[in-house]
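Structural features, examined
Residue strings, one per chain:
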Amino acid sequence: MAAETPVCDFGRKAEDFSLKGTDGKTYSLADVQGPSGTLVMFICNHCPYVKAVIGRIVEEVDALRAHGIGAVAIMSNDTDAYPDDGFDNMKRFAAEHGFSFPYLLDETQEVARAYGAVCTPDFFGFNADLCLQYRGRLDASKRERIPDAPRELFHAMVRIAQTGKGPMDQIASMGCSIKWRNPA
């Protein structure tokens, strides 16, 4: 089922976490925080929306690093009901796509609930003070790439790195709904 993210709750503080990564290490928010901002992404392995844009997500994260933006991807789906999103498949997915950022398993789904994540991909762009400034989409592409689509996430995060403020006009991200164990 497709879902859209809500409007950005400007200034909302980032939630801390302690989650296991596909590299075997445990990460907290401080471990992934960049000096100029932090991008927290909720993704999964099986979602066609994520599959369609994962290459560009990796490219944008790599490009944002030069602007002082740290990044992390978190997988929160129910892996019993969706075994394609299991930890071993997360490791494979990260390796296949050359992740240069931690890919973490939110087994209890507490982190997704704390952030208010609703879909994959779901992007949370924070400034250097860990205040939310972006809750939009990667770009106008959904499951099919739109050639020359403006790089909405990239430009928003660069602006956040430079000014601490995100754009007022943001278009919701769209993707598969988070697969909750016990829907709220």
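Below, the structure is looked at part by part. Quick caveat: nothing in here was measured; it's all calculated off a predicted structure. (Residues numbered from 1 in each chain as written. Predicted model: local features only at pLDDT ≥ 70, side-chain atom pairs only at ≥ 80, totals over all residues. Heavy atoms only, no water.)

1. Quick notes on the overall build of the protein
What counts, and what does not: Secondary structure elements follow DSSP: runs of H or I of four or more residues count as helices, runs of E of two or more count as strands, with numbering from the N terminus. Radius of gyration means the value over C-alpha atoms here, while the globule rule gives 2.2 Å times the residue count to the 0.38 power. Contact criterion: two residues are considered in contact whenever any of their non-hydrogen atoms come within 4.5 Å of each other. Only the protein chains shown count as cover for residues, and the accessible areas themselves come from Shrake-Rupley with a 1.4 Å probe. In this tally Asp and Glu are treated as negative and Lys and Arg as positive; neither His nor the chain ends contributes. To locate a charge, take atom NZ for lysine, CZ for arginine, CG for aspartate or CD for glutamate.
Helix and strand counts for the protein come out as five helices and ten strands. Rg of the C-alpha trace for the protein: 15 Å, near the compact-globule value of 16 Å for 184 residues, within the 12% margin. Principal-axis analysis of the C-alpha atoms gives the protein an extent of 40 × 35 × 35 Å. Across the protein, the fraction of contacts at a sequence separation of at least 24, relative to all contacts at a separation of at least 6, is 79%. Per element, the accessible surface of the protein, about 8500 Å² overall, is 50% carbon and sulfur. Each charge class in the protein can be summarised by its mean position, and for the 20 positive and 25 negative side chains these summaries are 2 Å apart.

2. Remarks on the environment of A3
Residue placement: A3 occurs in strand β1 (residues 2-4). Counting along the chain gives 173 residues from A3 to C176, while the straight-line C-alpha distance between them is 5.9 Å. Excluding residues that lie within four positions of it along the chain, A3 makes contacts with V118, C119, S173, M174, G175 and S177.

3. Here we look at the sheet that holds strand β4 (residues 37-42)
Defined as follows: Between any two strands, at least two bridges found by DSSP are needed for them to pair. As a rule, the C-alpha atoms of each element are fitted with a line to give its axis, helices using only the stretch in contact, and angles between N-to-C directions run from 0 to 180 degrees.
Sheet architecture is open: seven strands sit in the order β3-β2-β6-β5-β4-β8-β9, paired in mixed fashion. The sheet is open, and its two edges are formed by β3 (26-28) and β9 (132-134), each paired on a single side. Averaged over neighbouring strand pairs, the angle between their axes works out to 40° when direction is ignored. The sheet contacts of helix α2 (residues 48-65) involve β4, β5 (69-75) and β8 (122-127), and relative to β4 the element is tilted by about 165°.

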